[in-house]
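Structural description and commentary
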Amino acid sequence: MNVIVNPEYEYLRGWIENIPFSFGREGEMFYDARNTIRVFSLGDGLCINVKKFRRPMFLNRVAYTFFRKSKAFRSYFHTLRIAEKGFDTAEAIACIEIREGGLLSDSYFISRHCCPAREIREYYSGPLAGNESLIDAFARYSAALHDAGICHMDYSPGNVLIRDGLAPGEYAFVPVDVNRMKFMPVGPERGCRNFARLFGCDDVYVRLAAEYSQSRKEVIREEKAVRLMLKYKNRFLQRKAWKEKFKRFFRTLSAK
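Since the structure is predicted, the reported quantities are computational estimates derived from the model, not experimental observations.

Looking at unusual backbone geometry
Cis geometry is adopted by the peptide bond preceding P127, which originates at G126 and carries an omega value of 0 degrees. With respect to the helices and strands, the residue P127 is situated in the loop between β7 (117-119) and α5 (132-147). The backbone phi angle of D44 is positive, close to 55 degrees, even though this residue is not glycine. Within the secondary structure, D44 sits in the loop between β3 (36-41) and β4 (47-53). Judged by relative accessible area, which is 87%, D44 ranks as exposed. Positive phi outside glycine occurs at D177, with the angle close to 55 degrees. Within the secondary structure layout, D177 lies in the loop between β10 (173-175) and β11 (181-183).

Set out below in structure tokens:
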């Protein structure tokens, strides 16, 4: 078992090393789908998320053992790197990798629980009216990420949290599920494509593009930002629709 612990949380090492043995019977279930997240309250206001990644298929077990870093490892170090660049994030506590037969089997990412917060998914379908300040704030935040060389490769409605409890008109955003990140220069094309999955409303994209281009005025002009964001949003929705058609077609065939 390979365990990496943030030095600030070294005092929790014993508890962390026991996670693979206690995970299934302790804590409160927070999310249970492809991966599983349980929340643990350790007293003194310390609330911890433990994310157990789904066990990879055989070929991916080989890849994660010899050629790529595991999702847990990447989540831990990407979170630290995001924080080092000055952005809000769920504080990284530790990661765990377990091997069976010499290959990666299970892995865990441990972080501070980010609460209270809600997903930006709430605004996927708009409306723009009444939410202008939030969209503007999110555009500026995303522009700052891109200017800092941070590109979330899974920038989706469920992977951006909005912190609650701030003053009216103030917003703070937190990226989650950060194992798929790239730290590199983010040009105008990649930057606009990064928003493709986040919203379904054209009016929101027009507003988003205007503020994003203003924040990156040395990189991209408003007209180009609008055109690129709408192009990639429509392309994403078309591909999603085709995938759904194929799924329905094969379900129909299998039912016969």
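Considerations on the pattern of salt bridges
For the structure on display, the rule yields 16 salt bridges. Residue E17 is joined to R13 by a salt bridge in which the shortest nitrogen-to-oxygen separation is 3.3 Å. Within this pair, E17 and its partner R13 are both found in helix α1 (residues 13-17), separated by four residues, close to a single helical turn. On the accessibility criterion, R13 (25% relative accessible area) is partly exposed. Measuring nitrogen to oxygen at the nearest pair gives 2.5 Å for the salt bridge that ties D154 to R197. Placement of D154 in the loop between β8 (150-152) and β9 (160-163) and of R197 in the loop between α6 (188-193) and α7 (202-215) is noted, with a sequence separation of 43 residues between them. One salt-bridge network, in which partners are shared between bridges, spans E10, R13 and E17.

Remarks on α5
With 16 residues, α5 extends 22 Å between its outermost C-alpha atoms, agreeing within 8% with the 22 Å of an ideal straight helix rising 1.5 Å per residue. Elements that come into contact with the buried residues of α5 comprise β8, β9, β10, α6 and α7. Looking one or two residues past α5, G149 carries a phi angle of roughly 80 degrees, positive in sign.

Details of the packing of aromatic side chains
One pass over the structure, following the stated rule, counts 17 aromatic pairs. Summarising the aromatic geometry, the rings of F195 and Y212 are spaced 5.2 Å apart at their centres and angled 80 degrees between planes, so their arrangement reads as edge-to-face. Of this pair, F195 sits in the loop between α6 and α7 while Y212 sits in helix α7, placing them 17 residues apart in sequence. A residue is classified by how much of its surface remains accessible, and Y212, at 0% relative accessible area, is buried. Taking the ring centre of F23 as reference, the NZ or CZ of R38 above it sits at 5.9 Å.

Topic: the nonpolar core
Residues I120, F138, F195, L198, F199 and L208 are the most contacted members of the largest nonpolar core, which totals 38 residues. At the level of elements, α5, β9, α7 and α8 (222-255) are the ones that each hand at least two residues to this core. Every residue in contact with L208, bar those within four places of it in the chain, is listed here: I135, F138, A139, F195, F199 and M229. Counting 17 residues, the second-largest nonpolar core is a separate cluster that includes L12, L46, V50 and I96.

Focus: the sheet that holds β10
Across the sheet, which stays open at both edges, the three strands sit in the order β7-β9-β10 with antiparallel pairing between neighbours. The outermost strands of the open sheet, each flanked by one partner alone, are β7 and β10. The sheet shows a mean angle of 35 degrees between the axes of neighbouring strands, taken without regard to direction. Where β7 meets β9, three bridges bridge the pair, whose relative direction is antiparallel. Its bridge partner lying in β9, A117 is registered against R163.

The rules behind each value
- Residues numbered from 1 in each chain as written.
- Predicted model: local features only at pLDDT ≥ 70, side-chain atom pairs only at ≥ 80, totals over all residues.
- Heavy atoms only, no water.
- Helix = DSSP H or I, 4+ residues; strand = E, 2+ residues; numbered from the N terminus.
- Buried < 20%, exposed > 50% of the residue type's maximum accessible area, 1.4 Å probe, protein only.
- Salt bridge = Lys/Arg side-chain N within 4 Å of Asp/Glu carboxyl O.
- Expected span 1.5 Å × (residues − 1).
- Contact = heavy atoms within 4.5 Å.
- Phe/Tyr/Trp six-rings, centres within 6.5 Å; stacked < 30°, edge-to-face > 60°.
- Lys NZ or Arg CZ within 6 Å of the ring centre and 35° of its normal.
- Core = buried A, V, L, I, M, F, W, Y, C linked by side-chain atoms within 4.5 Å.
- Pairing = 2+ DSSP bridges.
- Axes fitted to C-alpha atoms, helices over the stretch in contact; angles between N-to-C directions.

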